[in-house]
Amino acid sequence: MKKNNPADVNQVLGDVSQMVLKDLGLENADPIGQAEVIASIGQNIMDRVLLEVLKVIPQNDHDEFHAILEKGSPVEIRDFLKVRITDFDQFVQHYAAQELEATKTRANMIAQGV
């Protein structure tokens, strides 16, 4: 299995960020504003995925999961969830895409004055 080079990951994240900014019509906005939007969307996606995780994992695993979250180790979090959620990567992608679409819908409504 090929490990991702940090430069590769940064390139992918940059590409995704640019795609999101373009979808929201913000590709020419102030870079500071762009960074704020990307950070906000990232936080929304993370919150959505965590909410869905808590719905899926057994209640008796919640305390252990919260303890692992507090440590902040992405590897530990991933390892914990991969054994509890079938097709974890697809699970994350699904809810991340849903939250991104919801964000785009909200942005479009705001832009239209709705």
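Structure's up top.
In this text the structure is predicted, and so the values were computed from the model without any measurement. (Residues numbered from 1 in each chain as written. Predicted model: local features only at pLDDT ≥ 70, side-chain atom pairs only at ≥ 80, totals over all residues. Heavy atoms only, no water.)

Novice: I tried to follow helix α4 (residues 74-82) on my own but got confused; where do I start?
Specialist: One full turn of an α-helix is made of 3.6 residues, so residues set three or four places apart face in the same direction. If you check which residues of α4 are buried, you get Ile77, Phe80 and Leu81. Seen end-on, α4 carries its buried residues on one side only, within an arc spanning 90 degrees. Contact partners of the buried residues in α4: α2 (31-56), α3 (62-71) and α5 (88-111). (Buried < 20%, exposed > 50% of the residue type's maximum accessible area, 1.4 Å probe, protein only. Helix = DSSP H or I, 4+ residues; strand = E, 2+ residues; numbered from the N terminus. Arc of directions from axis to C-beta. Contact = heavy atoms within 4.5 Å.)

Novice: Explain unusual backbone geometry here, please?
Specialist: With the exception of glycine, the majority of residues adopt a negative phi angle, and the majority of peptide bonds are in the trans configuration. The residue Asp87 is not glycine, and still its phi comes out positive at about 50 degrees. In this structure, Asp87 sits in the loop between α4 and α5.

Novice: I tried to follow α2 on my own but got confused; where do I start?
Specialist: Between its first and last C-alpha, α2 extends 37 Å over 26 residues, near the 38 Å set by a 1.5 Å rise per residue. Burial in α2 covers these residues: Gln34, Ile41, Val49, Glu52 and Val53. (Expected span 1.5 Å × (residues − 1).)

Novice: I tried to follow the packing of aromatic side chains on my own but got confused; where do I start?
Specialist: For the structure on display, the rule yields 2 aromatic pairs. Seen in terms of ring centroids, Phe65 and Phe80 are 5.7 Å apart; in terms of plane orientation they differ by 20 degrees. Their pairing is stacked. Of the two residues, Phe65 is situated in helix α3 and Phe80 in helix α4; the sequence distance between them amounts to 15 residues. Residue class for Phe65 comes out buried when judged on its relative accessible area of 1%. Relative to Tyr95, the ring of Phe91 lies with its centre 5.0 Å away and its plane at 65 degrees, an arrangement referred to as edge-to-face. Pair noted here: Phe91 and Tyr95 are both in helix α5, with a separation of 4 residues, about one helical turn. Assessed through its relative accessible area of 18%, Tyr95 is described here as buried. (Phe/Tyr/Trp six-rings, centres within 6.5 Å; stacked < 30°, edge-to-face > 60°.)

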